[in-house]
Every structure is written in structure tokens, then in C-alpha cells.
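Single-letter residue listing:
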Amino acid sequence: MGIRSNVKTLTQVTHMQNFITLSQIDSAAQTIKNQIQIQPLVGIILGSGLNDLADSVQNAVRISYSDLPNFPVSTVHGHAGRFVIGMLEDKPVLVMQGRIHYYEGYTMGQVTLPVRVMQRLGISNMIVTNAAGGVHPDFEPGDVMLITDQLNLMGMSGLNPLMGPNLDEIGTRFPDMSQPYDRAYCDLARKVARDNGLTLREGIYAGLSGPSFESPADLRFLRNAGADAVGMSTVPEVIIARHGNMRVLGLSGISNKANLDGSTVTTHEEVIEAGKVITPKVEKIIRGVLRGLE
């Protein structure tokens with residue numbers, strides 16, 4: 001009985017260690033606070049091939065993820081792996097120049113730790129971007145899609161980032177996800193696109209774990225389920241953001257066309273190259289949205 005009790009206790013302790021604690025979040029947040037003089041208003045997450053916007057931040061303080069306690073390090077080409085904090089369109093921002101992905105071998109708690117840090121820094125708004133495959137037949141590489149809703153396929157299969165002890169200091173145990181993307185911010189993005197003569201697609205983003213690109217059968221399933229674009233990020237970050245009552249705007253850069261019949265090959269290099277076309281469009285929208293924020 002004693003041996004079984006000890007084994008159970010050890011299993012429980014190991015299980016609990018998979019979750020990020022509030023003290024770990026606050027330790028990283030405090031390290032950032034000690035190096036900046038401004039209060040960021042907006043957190044911006046830049047996806048694959050979209051790093052250039054961070055270079056436009058004025059009076060920037062750059063902090064590598066590797067210099068923060070308990071913090072995961074981005075291992076993917078095209079993700080610089082650092083925070084850039086400063087001014088963009090006269091708004092104080094914290095930009096993630098590169099994100100963390102579940103497929104890199106991190107836990108969901110580690111993947112979403114940057115958003116938790118934003119929350120503890122007092123950031124109430126988040127703009128999230130990604131490179132995505134276009135599942136909708138009308139979408140072409142180089143398009144930008146306004147994310148209006150999401151399919152949490154990772155969470156449906158047991159990888160919800162809110163699993164484990166709830167952080168009551170940040171949000172409720174069962175947060176509502178009926179409006180993951182802020183409708184007023186979506187309207188603002190639409191206006192900015194119109195004012196700049198940009199075609200802004202709209203649709204549902206499906207989040208998968210990766211790192212393999214989708215098979216034709218995967219893509220046909222996703223299309224039948226209502227997905228317009230698919231990628232390997234964003235959904236867990238948005239769930240954590242909404243748990244902490246952050247307002248979210250999401251933009252997908254369509255980097256490749258869905259291969260529903262198996263006739264083409266998708267590569268990460270293709271995704272990075274498409275980012276060169278997508279980045280100027282996304283940057284105009286983000287800048288316009290920032291100017292429109294009060």
C-alpha cells in the first residue's frame with residue numbers, strides 16, 4: 001500500500017510539473033519590466049516570414065527568449081526568437097519576433113507562456129499573425145485573410161492549453177469562446193484594408209499540431225468542416241488570450257494553396273518566400289489598426 005501511494009504521488013507531481021505556474025510567468029514578466037520604460041498597450045505575434053515589422057519599432061528594447069527565466073526558445077527558421085518592445089504608430093507595443101510551436105517539443109503551457117507574460121505585463125490587446133495554407137478554393141498565395149473564427153483541432157484531441165490547474169488570478173475555469181476574435185477590431189481591419197485598396201479575405205482558421213504539412217485527405221476533411229485556412233499555431237495563443245479577457249485581431253498570410261489532390265509539394269521555403277509578398281500587406285493593416293486604437 002505504501003509503495004502504491006508513493007508511486008501515485010510521484011505521478012501526480014510529475015503531471016503537475018507539465019503546467020506553467022503563476023510564479024514562473026511573473027518571473028519572466030518581471031525580467032522584461034526591469035528592462036523597459038514603457039507600458040505596452042498591444043502585443044503582436046509575428047508568424048513565419050513576417051519578422052520585418054519588428055524592425056520598424058522605434059526606441060526598441062530587444063530581449064531574446066533565451067535571456068528570460070523558464071522561457072522556451074524558438075527553433076524554427078524564420079523565427080528570430082525575441083521580444084521587441086517600443087513604439088509603433090505612436091502606440092507602445094510588445095512584438096514577438098517569432099513564436100513557439102507545439103511541434104518543437106514544448107508543452108502547451110510553454111507554447112502559450114508568451115501570451116501569459118503579456119497578460120501579467122498589463123497588455124489587454126493582441127494582434128496575432130501567421131502563415132497559413134489556403135484551404136478555400138478561391139484563396140491564392142499572397143492573399144491576407146482576416147480570421148473570423150477558429151477550429152481548435154488540437155484542443156479537441158486533448159491539447160487544450162487551459163488543461164491543468166486554472167490560474168484564477170487571470171481568468172475563469174471555463175472561458176467563453178463564442179467570439180475569439182474581437183468584432184470591433186475585425187471591422188477596423190476591414191476599413192483599413194478598404195482605405196489602402198487591399199483585398200482582405202475572411203474565414204476560419206484551423207489549427208493543427210504539425211510539423212508535417214497536411215495530406216490531401218486532411219485538407220478535404222478540413223474544407224468539409226468549414227476551414228478556409230490551416231496552420232500550426234495561433235489557436236492555443238488565442239484561447240489563452242481570451243482566458244485573460246484580451247481583445248484579439250487575427251491575420252493569416254496565405255503562403256501556399258491547399259493540395260487537395262496531391263498534385264503539388266509544399267515546403268517551408270515556399271512559406272518563407274511568400275512572406276515577402278504578404279508582409280507589406282499585413283504591415284499596412286497592422287499599422288492602420290494601431291492608429292485606430294484609442
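Residues numbered from 1 in each chain as written. Predicted model: local features only at pLDDT ≥ 70, side-chain atom pairs only at ≥ 80, totals over all residues. Heavy atoms only, no water.

Quick notes on the overall build of the protein chain
To keep things clear, this is the line we draw: Numbering goes from the N terminus for both helices and strands, where a helix is a DSSP run of H or I of at least four residues and a strand is a run of E of at least two. The globule rule used for comparison is 2.2 Å times the number of residues to the exponent 0.38, while the radius of gyration itself is calculated over C-alpha atoms. Per-residue accessibility, obtained with a 1.4 Å probe over protein chains only, is compared with the maximum for each type, and a residue is labelled buried under 20%, exposed over 50%, and partly exposed between these values. Contact between two residues is taken to exist if any of their heavy atoms lie within 4.5 Å; hydrogens are not considered.
Looking only at helices and strands, the protein chain has 9 helices and 9 strands in total. Its C-alpha atoms give the protein chain a radius of gyration of 19 Å, within 12% of the compact-globule value 19 Å for 294 residues. Counting over 294 residues, the protein chain shows a buried share of 52%. Taking the contacts inside the protein chain whose residues are at least 6 apart along the sequence as the reference set, 83% of them involve residues at least 24 apart.

Concerning the packing of helix H2 (residues 22-33) against helix H4 (residues 113-120)
Rules: Angular values range over 0 to 180 degrees, each being the angle between N-to-C directions of two axes fitted as lines to C-alpha atoms, with helices fitted over their stretch in contact. Oblique is the label for every angle not falling under 35 degrees (roughly parallel), over 145 degrees (roughly antiparallel), or within 65 to 115 degrees (roughly perpendicular). Helix crossings get a hand from a simple test, with the near helix turned counterclockwise from the far one by less than a right angle marking a left-handed crossing and a clockwise turn marking a right-handed one. All amino acids are sorted into three groups, where Ala, Val, Leu, Ile, Met, Phe, Trp, Tyr, Cys and Pro are nonpolar, Asp, Glu, Lys and Arg are charged, and the leftover types, Gly among them, are polar.
Relative orientation of the contacting elements H2 and H4 amounts to 65°, with a least axis distance of 9 Å. By the criterion of interaxial angle, the relationship of H2 to H4 is roughly perpendicular. Helix-helix and strand crossings are classified by hand; for H2 and H4 the assignment is right-handed. For the pair H2 and H4, contact is made by Leu22, Ile25, Asp26, Ala28, Ala29, Ile32 and Lys33 and by Leu113, Arg116, Val117 and Arg120, respectively. Per-class residue counts for the contact of H2 with H4 are 7 nonpolar, no polar and 4 charged.

A word on H4
Among the 8 residues in H4, 7 count as buried, and that is most of the element. For H4, the set of buried residues is Leu113, Pro114, Val115, Arg116, Val117, Met118 and Gln119. Positive phi appears at Gly122, one or two residues downstream of H4, with a value of about 90°.

A few points about the pattern of salt bridges
Defined as follows: Salt bridges are counted wherever a side-chain nitrogen of Lys or Arg sits within 4 Å of a carboxyl oxygen of Asp or Glu.
Within this structure, the stated rule accounts for 12 salt bridges. In this structure, the salt-bridge partner of Asp187 is Arg190, at a minimum N-O distance of 2.6 Å. Highlighted residues: Asp187 and Arg190, both in helix H6 (residues 183-195), separated by 3 residues, approximately one helical turn. With a relative accessible area of 47%, Asp187 lands in the partly exposed category.

A closer look at the nonpolar core
As a reminder, the rule being used: Nonpolar cores are built from buried Ala, Val, Leu, Ile, Met, Phe, Trp, Tyr and Cys residues. Side-chain atoms within 4.5 Å join them into one set.
Among the nonpolar cores identified, the biggest contains 76 residues, and Ile32, Ile44, Phe83, Val117, Met126, Val289 and Leu290 are the most heavily contacted of them. When residues in this core are grouped by element, the largest group, 7 residues, is from helix H9 (residues 268-292). Residues contacting Val289, with those up to four places away along its chain left out, are Ile127, Leu188, Ala189, Val192 and Leu249. Counting 10 residues, the second-largest nonpolar core is a separate cluster that includes Val135, Leu153, Leu219 and Leu222.

Focus: the confidence of the model for the protein chain
Our working definition: What pLDDT reports is the predictor's confidence in each residue, on a scale of 0 through 100.
Taken as a whole, the protein chain shows an average pLDDT of 89; of its residues, 90% reach a score of 70 or greater. pLDDT under 50 marks residues 1-16. Its contacts with residues more than four places away, or in other chains, come to 1 contact.

Digging into helix H8 (residues 235-243)
When you tally the buried positions in H8, you get 8 out of 9 residues, the bulk of the element. Val235, Pro236, Glu237, Val238, Ile239, Ile240, Ala241 and His243 are the residues of H8 that are buried. Where H8 ends, the next residue or the one after it, Asn245, has phi of about 60°, a positive value.

With respect to the side chain of Asn152
Threshold: Nitrogen and oxygen atoms within 3.5 Å of one another constitute a polar contact, given that in protein one can donate a hydrogen and the other can accept it, and given that sequence-neighbouring residues count only through two side-chain atoms.
Along the chain, the position of Asn152 falls in the loop between strand S6 (144-151) and helix H5 (153-159). A polar contact of 2.9 Å, which involves the side chain of Asn152, links it to the backbone nitrogen of Gly155.

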